[in-house]
Amino acid sequence: MSSEALPTLQHSNTPLLPFSDYHTHPQGHRVQRYTQTLLQPWADSAHRMGLKDIAFTDHDRYHAGIDFDEIDRLRDRNPDLRIRAGIELDNDPIHSPAGRKWIEKHWDKLDFVLGSVHFLDRIDQMFDSVPDGAAQFDGRNIDAIYADYFRRIRELVATGLVDCLAHLDLIKIHGHRPAAHIAGLINETLEFILRRNLAIELSTAGWRKPVNELYPGDSIIELAMERGIPFTTASDAHSHVQLGENFARLARKMADLGIRGVCIFQKHKRAELPLQL
Ligand SMILES: [Zn+2]
Ligand SMILES: [Zn+2]
């Protein structure tokens, strides 16, 4: 996949808008077997939004619902849309060991694996639950929580099962900010990501959370750009109506920061495409 080979991936309505959404949850938050009834509304939404390339990335704990034949059928029915088979690998201490095994088994059928840290010390609650997860920060040293979170990110990267990191600074979700300067911690993590040749996502989901800020924040994006770490664009949609949410705002942010390329994946192979011709 070279950029010359795919000139048609430009957004069909406004050239500046991102053309891809690489973080979506057709199953939402329970196991729902993939069927055309479940998936076609996502393709319809993509058409409506002018998206050309989408990845399904349900949580690994719902891997039982994923059906590659149904994804193939959806591709046949929507030939103008690129549809990637993906998954979001979590650090869920209970479910993710099985999720990892499933990913290893189906690696060749998957186009794309997102890596996410949703769990800190509590094994029974994602820290990013809103609002309940905020209690995990009560009375704690926020700098230590940040250090612990980014250590878990590096651990996930080290599994070698991830193509791209989701919402890299999710730890800010409830608005907790470190007191210390954390550039060292971020740089160490970005170096780790660079050495593994992974991408990171620009996720508009942060704008609908209490922190009300893009994931990741501008300073992390700038540090990633200095290293040449590439980006995907993502909404983390849990309903087809959220697909491509806030992409006009994301387009403005990307223009402000000078991001001109977005990467896409096919069978874990990455290609970077320009936002504009
Ligand atoms: Zn996530
Ligand atoms: Zn997600």
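Positions within a chain are numbered from 1, following the residues in the order the chain's sequence is written. By the order in which they are written, chains take letters starting at A while ligands take numbers starting at 1. Side-chain atom pairs in this predicted model are given and counted only at pLDDT of 80 or more, local residue features only at pLDDT of at least 70, and totals for whole chains, interfaces and linings cover all residues. Side-chain metrics rest on all non-hydrogen atoms present in the structure, leaving aside hydrogens and water.

J.: Hey, could you run me through the overall build of the protein chain in this one?
T.: A count of helices and strands for the protein chain gives seven helices and nine strands. The C-alpha atoms of the protein chain give a radius of gyration of 18 Å, which matches the 19 Å a tight globule of 277 residues would have. The principal-axis extent of the C-alpha atoms belonging to the protein chain is close to 50 × 40 × 30 Å. Partly exposed residues are those whose accessible area sits between 20% and 50% of the maximum for their type, while under 20% is buried and over 50% is exposed, using a 1.4 Å probe and protein chains only. Counting only residues that meet the buried cut, the protein chain has 57% of its 277 residues in that class. A run of DSSP states H or I qualifies as a helix once it reaches four residues; a run of E qualifies as a strand once it reaches two. Both are numbered from the N-terminal end. Radius of gyration means the value over C-alpha atoms here, while the globule rule gives 2.2 Å times the residue count to the 0.38 power.

J.: Hey, could you run me through helix α1 (residues 36–49) in this one?
T.: Given 3.6 residues to a turn, an α-helix orients residues that are three or four positions apart in the same direction. Along its 14 residues, α1 runs 20 Å from first to last C-alpha, staying within 8% of the 20 Å computed at 1.5 Å per residue. Along α1, the positions that sit buried rather than exposed are Gln 36, Leu 38, Leu 39, Gln 40, Trp 42, Ala 43, Ser 45 and Ala 46. Here a residue-residue contact requires only that any non-hydrogen atoms of the pair lie within 4.5 Å. Lining the buried residues of α1 we find β2 (53–59) and α2 (68–77). Residue Gly 50 follows α1 closely and has a positive phi angle near 75°. An expected span of 1.5 Å times one less than the residue number is assigned to each helix.

J.: Looking at this model, I keep getting lost on the coordination of the zinc ion (ligand 2). Mind explaining?
T.: Coordination angles at a metal have ideal targets, namely 109.5 degrees for four tetrahedral donors and 90 or 180 degrees for six octahedral donors. At the metal site, the zinc ion (ligand 2) is ligated by His 23 (NE2), His 25 (NE2), Glu 88 (OE) and Asp 236 (OD), and these contacts range over 2.0 to 2.4 Å. Because no water is among the atoms considered, metal sites can look incomplete, with donors defined as N, O and S atoms within 2.8 Å of the metal, or 3.2 Å for Na, K and Ca. For four-coordinate sites, all angles between 85 and 135 degrees define a tetrahedron; for four- and six-coordinate sites, opposite donors beyond 155 degrees with the remaining angles between 65 and 115 define square planar and octahedral shapes respectively, and all other cases count as irregular. Considering all four donor atoms around the zinc ion (ligand 2), angles at the metal cover 79 to 164° and the coordination shape is irregular. One chain supplies every donor for the zinc ion (ligand 2), spaced along it as H-x1-H-x62-E-x147-D. Taken as a pair, the zinc ion (ligand 2) and the zinc ion (ligand 1) show a spacing of 3.3 Å, with Glu 88 coordinating each metal. Highlighted residues: His 23 in the loop between β1 (20–21) and α1 and Glu 88 in strand β3 (residues 82–89), separated in sequence by 65 residues. Judged by its relative accessible area of 0%, His 23 is buried.

J.: Could you clarify how one ought to interpret the coordination of the zinc ion (ligand 1) in this entry?
T.: Around the zinc ion (ligand 1), the protein contributes the donor atoms Glu 88 (OE), His 118 (NE2) and His 167 (NE2), which lie 2.1 to 2.2 Å from the metal centre. Between consecutive donor residues of the zinc ion (ligand 1), the sequence gaps follow E-x29-H-x48-H.

J.: Hey, could you run me through the packing of aromatic side chains in this one?
T.: Note on aromatic pairs: each is described by the distance of the centres and the angle between the planes. Here the aromatic set is Phe, Tyr and Trp, taking the six-membered ring for Trp, and pairing holds for ring centres within 6.5 Å; pairs whose planes are under 30 degrees apart are stacked, those over 60 apart are edge-to-face, and all others are tilted. For the structure shown, the criterion picks out nine aromatic pairs. Note on Phe 68 and Trp 102: the rings are 5.8 Å apart at their centroids and 10° apart in plane angle, and the pair reads as stacked. Residue Phe 68 is located in helix α2, and its partner Trp 102 is located in helix α3 (residues 96–106); the two are separated by 34 residues in the primary sequence. As far as burial versus exposure is concerned, Phe 68 and Trp 102 are alike and both buried.

J.: When you look at the sheet that holds strand β5 (residues 164–165) in this model, what are you seeing that I'm missing?
T.: By definition, the strands of a sheet pair up through backbone hydrogen bonds, in either a parallel or an antiparallel sense. Spatial strand order, β1-β2-β3-β4-β5-β6-β7: seven strands in an open sheet with parallel pairing. Across the chains shown, the open sheet's two edge strands, defined by having one partner strand only, are β1 and β7 (231–234). For two strands to pair, DSSP has to find at least two bridges joining them. Relative to β5, strand β4 (residues 112–115) runs parallel, the two being bridged by two bridges. Paired with Gly 115 across the strands is Leu 165, a residue of β5. Sitting on the sheet, α3 is in contact with β3 and β4, with an inclination near 145° to β3. Angular values range over 0 to 180 degrees, each being the angle between N-to-C directions of two axes fitted as lines to C-alpha atoms, with helices fitted over their stretch in contact.

J.: Explain the pattern of salt bridges here, please?
T.: Side-chain pairs of opposite charge can arise whenever the charged atoms involved come near each other. Just to be clear on terms, a salt bridge is a Lys or Arg side-chain nitrogen sitting within 4 Å of an Asp or Glu carboxyl oxygen. Enumeration according to the criterion identifies 20 salt bridges in this entry. Across the pair Lys 172 and Asp 169 runs a salt bridge, and its minimum N-O distance is 2.9 Å. Each of the two residues, Lys 172 as well as Asp 169, counts as buried. The network of salt bridges with common partners includes Asp 121, Arg 140, Asp 148, Arg 151, Arg 152 and Glu 155.

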